[in-house]
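What follows is the residue order along each chain.
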Amino acid sequence: MSKNFPLPHEALEDLTKRFPTPFYIYDEKAIREYVRYFHKAFSIFPEFREYFAVKACPNPYILKILAEEGCGADCSSLPELMLSKMVGMKGEFVMFTSNETPASEYEYAAAEGDIINLDDITHIEYLKKTLGKLPETICFRYNPGQSKHGCNSIIGSPEEAKYGCTREQLVDAYRICRENGVKKFGLHTMVASNELNPDFFIDTAKLVFDLAVELKEKAGVSISFVDLGGGIGIPYKPGQKAVDLDYVARGIKKLYDEKVVPAGLDPMRICFECGRPITGPFGYLVTRAIHEKHIYREYVGVDASMADLMRPGMYGAYHEVTVSGKEDAPRDHVYDVVGSLCENCDKFAVQRELPKIDVGDLIIVHDAGAHGRAMGFNYNGKLRAGELLLRADGSVKQIRRRETIDDLFATLDLDGVKDFE
């Protein structure tokens with residue numbers, strides 16, 4: 001059964017007359033509905049906050065929608081901090097989780113009152129030297145190493161990841177911060193990406209709650225918020241099941257009542273920093289078939305490329321592909337659906353059963369709303385696709401235009417090269 005697309009074929013064809021392919025389009029109504037479901041599931045806690053991972057879809061229109069729905073922002077760079085500020089996300093609604101961070105970015109985050117989430121114990125002195133003193137609120141990222149099993153390949157095994165502090169380091173880190181005047185403490189971990197097993201997140205909460213109790217005993221600090229990371233996956237492939245957030249919330253609440261409350265750490269804010277499930281299923285890359293090739297395999301060439309969506313080429317990731325207007329046609333052809341990049345991994349689908357595709361057909365690549373346009377690049381001089389927003393009233397607004405040649409050449413000294421010898 002094909003995945004759904006929020007516009008009928010005729011409306012999509014009409015849209016391409018205003019906005020030529022390729023382009024991304026996001027479904028505002030569906031994004032808002034999912035965020036409300038997320039918040040409702042975790043409303044069983046004294047306090048909950050979803051910090052949207054800006055890296056997943058760094059467009060201010062998307063961020064403004066999420067801000068209106070009560071989300072904060074999880075940022076890892078200065079531009080992401082600035083985008084969040086533009087839409088009114090600031091202070092404790094911004095979590096700055098970065099690694100190998102320049103001093104200027106810490107200065108910006110501190111000036112805005114954003115929560116700084118340190119990646120290493122050595123960053124304490126670096127931050128203190130940069131700011132003159134430590135902020136009143138500080139958070140640390142925990143790397144559980146071999147304590148956490150079953151992590152998937154996108155992040156990798158924790159002990160092989162560059163992120164976070166060890167358990168032993170954290171005791172010293174929080175003690176040092178307490179002695180330097182820090183008043184409020186958070187604890188964070190992120191150990192998986194695109195995980196579909198709901199019990200994985202409950203197990204992560206157990207790990208973090210146990211550590212919070214230990215830190216109170218050994219470092220003399222009360223953790224006032226825990227960020228359980230992101231990593232909630234989406235069902236890219238047919239037959240996969242979306243993560244049941246109600247199940248996850250109930251499982252974490254049981255642990256909260258068993259561990260956090262008796263330790264005197266209640267109320268403790270529960271946080272997530274999800275990006276993929278918030279926008280991923282509700283964003284689509286629309287492209288058009290412009291070539292066909294019949295050699296050892298059957299190929300369909302489209303006007304988008306890996307420069308627009310690199311996940312299939314980089315990770316071998318699966319994205320469902322449908323042919324607009326042929327959703328109910330028999331899938332009796334096998335194609336590689338490819339772009340024009342000079343790389344053989346520039347493929348949106350490999351040996352995929354699809355209806356017969358004719359040159360001129362519109363191809364929809366599903367589940368592209370997170371880590372899609374955001375991971376675009378300009379190799380081969382490719383110009384990245386624009387972005388559209390399907391509003392709840394059915395209207396469509398362009399929220400990022402397609403790149404132009406002038407954009408690509410803007411940082412080159414084209415006048416100077418004329419006289420260069």
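For the structure itself, look to the data block above.
Just so you know, these numbers come straight off a predicted model, no measurement behind them.

Calculation rules
Residues numbered from 1 in each chain as written. Predicted model: local features only at pLDDT ≥ 70, side-chain atom pairs only at ≥ 80, totals over all residues. Heavy atoms only, no water. Helix = DSSP H or I, 4+ residues; strand = E, 2+ residues; numbered from the N terminus. Rg over C-alpha atoms; globule rule 2.2 N^0.38 Å. Buried < 20%, exposed > 50% of the residue type's maximum accessible area, 1.4 Å probe, protein only. Contact = heavy atoms within 4.5 Å. Areas by Shrake-Rupley, 256 points an atom, 1.4 Å probe, with all protein chains shown as cover. Lys, Arg positive; Asp, Glu negative; His and termini not counted. Charge placed at Lys NZ, Arg CZ, Asp CG, Glu CD.

Asker: Just give me the short version of the overall build of the chain, but keep the residues and values in it.
Answerer: Check the secondary structure of the chain and you find 13 helices and 17 strands. Taking 22 Å as the expected radius of gyration for a compact globule of 421 residues, we find that the chain reaches 23 Å, a close match to that expectation. Taking the principal axes of the C-alpha coordinates as reference, the chain spans close to 70 × 60 × 45 Å. By residue count, 54% of the 421 residues in the chain fall in the buried class. In the chain, 70% of the contacts between residues at least 6 apart in sequence involve partners at least 24 apart. Surface accessibility of the chain: about 18,800 Å² in total, with carbon and sulfur atoms responsible for 51%. Across the chain, 52 positive and 64 negative side-chain charges occur, with their mean positions spaced 3 Å apart.

Asker: I'd like to hear about unusual backbone geometry, residue by residue, with values.
Answerer: Across the junction of Thr 21 and Pro 22, the peptide omega takes the value 0°, indicating a cis bond. On the secondary structure map, Pro 22 appears in the loop between helix 1 (9-18) and strand 1 (23-27). The omega torsion of the bond from Asp 266 to Pro 267 falls at 5°, within 30 degrees of zero and hence cis. Tracing the backbone through its elements, the reader meets Pro 267 in the loop between helix 9 (245-260) and strand 9 (269-272). Phi is positive for Glu 100, which is not a glycine, with a value near 50°. Turning to its location among the elements, Glu 100 is positioned in the loop between strand 4 (94-97) and helix 5 (103-111). Look at Glu 100 and you get exposed, because its relative accessible area is 57%.

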